[in-house]
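Chains, contacts and geometry: an overview
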Amino acid sequence: SQQGEEDPQALSIQEGENATMNCSYKTSINNLQWYRQNSGRGLVHLILIRSNEREKHSGRLRVTLDTSKKSSSLLITASRAADTASYFCATDRPPGAGSYQLTFGKGTKLSVIP
Amino acid sequence: DTEVTQTPKHLVMGMTNKKSLKCEQHMGHRAMYWYKQKAKKPPELMFVYSYEKLSINESVPSRFSPECPNSSLLNLHLHALQPEDSALYLCASSQGRPPTTGELFFGEGSRLTVL
């Protein structure tokens, strides 16, 4: 299975602290994406990193990708209570690697305590 | 605010009912998706439409029937569902054409309860 595995499954931090979530996957990828989901709502795209990129920033978000280790991390700096949500990584396969499939990992549930 | 609109937000139906979930986007995206999400689980792909043609069916039971009337609309027709089909059904669209894809834009989902 291509499915990513997030680590940890749940994370609880104080407001202002940094939160780091990790994602591991099994096969080669075209790109890796991170999404956020508030409870019972739709998913919101956060950031996409291509397989030839190593690091990407967007506001308070920093994503790294290590294709040799088949892993990625999402860092949220200076967390806020509003960052409380579930975070999913998602991977897709390189062109020609078979039928389309964007596969979501199991997710990390982040709780930011005010 | 999401640019993918799903209706209804909530749906309760019996096992003999026929109902439909609807999804609409006006971003000009030509790929549209249905995902199913059970509680505390990741979304699971059900169907992919590319240029209004069904390109992927992830072995979904025939009691779920997708339809793409035009490039902006995606329906999911439901018939003779089981209680285990209760879930959040998410519609998404993307500019990229499968098999590769970029960012997915999700709707807020339709919460389905089958009694």
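Residues numbered from 1 in each chain as written. Chains lettered and ligands numbered in written order. Predicted model: local features only at pLDDT ≥ 70, side-chain atom pairs only at ≥ 80, totals over all residues. Heavy atoms only, no water.

What about the pattern of salt bridges?
Tallied over the entire structure, the rule returns 8 salt bridges over all chains. Note that D83 of chain A and R60 of chain A form a salt bridge whose closest N and O atoms lie 2.9 Å from each other. With D83 of chain A in the loop between β8 (71-76) and β9 (85-92) and R60 of chain A in the loop between β6 (55-58) and β7 (61-66), this residue pair connects regions lying 23 residues apart in the sequence. Here R63 of chain B and D85 of chain B are joined by a salt bridge, their closest N and O atoms 2.7 Å apart. Placement of R63 of chain B in the loop between β6 (53-57) and β7 (64-70) and of D85 of chain B in the loop between β8 (73-79) and β9 (87-94) is noted, with a sequence separation of 22 residues between them. Through salt bridges that share partners, R36, R60 and D83 of chain A make up one connected network. (Salt bridge = Lys/Arg side-chain N within 4 Å of Asp/Glu carboxyl O. Helix = DSSP H or I, 4+ residues; strand = E, 2+ residues; numbered from the N terminus.)

Some details on the state of the cysteines
By definition, a disulfide links the sulfur atoms of two cysteine residues through a covalent bond. All names here are of chain B. For the structure on display, the rule yields 2 disulfides over all chains. Residue pairing for C23: its cysteine sulfur links by disulfide to C91, the two sulfurs lying 1.9 Å apart. Measuring handedness by torsion sign, the sulfur bridge of C23 and C91 sits at about -70 degrees and is left-handed. With a gap of 68 residues between them, C23 in strand β3 (residues 18-25) and C91 in strand β9 connect regions that are remote in the sequence. Per residue, the accessibility class of C23 equals that of C91, and both read buried. (Disulfide = S-S within 2.5 Å. Buried < 20%, exposed > 50% of the residue type's maximum accessible area, 1.4 Å probe, protein only.)

Here we look at the packing of aromatic side chains
Counted according to the given criterion, the structure contains 8 aromatic pairs over all chains. Residues F104 of chain A and Y35 of chain B carry aromatic rings whose centres are separated by 5.6 Å and whose planes lie at 85 degrees to one another, so their mutual orientation is edge-to-face. Placement of F104 of chain A in strand β10 (residues 103-104) and of Y35 of chain B in strand β4 (residues 31-37) is noted, with the two residues assigned to different chains. Ring centres 6.1 Å apart and planes at 70 degrees place the aromatic pair F104 of chain A and F106 of chain B in the edge-to-face group. (Phe/Tyr/Trp six-rings, centres within 6.5 Å; stacked < 30°, edge-to-face > 60°.)

Considerations on the pairing of β7 of chain A
All names here are of chain A. Direction of pairing for β6 relative to β7: antiparallel, over a ladder of 4 bridges. Residue pairing across strands places S58 opposite L61, the latter belonging to β7. Counted between consecutive antiparallel strands, the loop separating β6 from β7 contains 2 residues, among which G59 sits at a positive phi close to 60 degrees. With 6 bridges joining them, β7 and β8 adopt antiparallel strand pairing. Counterpart to V63 in the pairing with β8 is L74. (Pairing = 2+ DSSP bridges.)

Points about the interface of chain B and chain A
Where interface size is given, it is often the accessible area lost as the parts come together that is meant. Counting residues at the interface gives 23 residues for chain B and 22 residues for chain A. Across the chain B to chain A interface the summed buried area is about 1,700 Å²; carbon plus sulfur atoms make up 59%. For the interface between chain B and chain A, the tally reads 1 salt bridge. The closest approach of N and O atoms between R41 of chain A and E108 of chain B, which form a salt bridge, is 2.9 Å. For the interface between chain B and chain A, the tally reads 5 residue pairs in polar contact (both at pLDDT 80 or more). For the side of chain B that touches chain A, the secondary structure elements donating two or more residues are β4, β5 (44-50) and β9 of chain B. A per-class count over the side of chain B that touches chain A returns 13 nonpolar, 5 polar and 5 charged. (Contact = heavy atoms within 4.5 Å. Buried area = accessible area lost by both parts, 1.4 Å probe. Polar contact = N/O pair within 3.5 Å; in protein donor to acceptor, adjacent residues only side chain to side chain. Nonpolar A, V, L, I, M, F, W, Y, C, P; charged D, E, K, R; others polar.)

Geometric descriptors of this kind do not, in isolation, establish any biological role.
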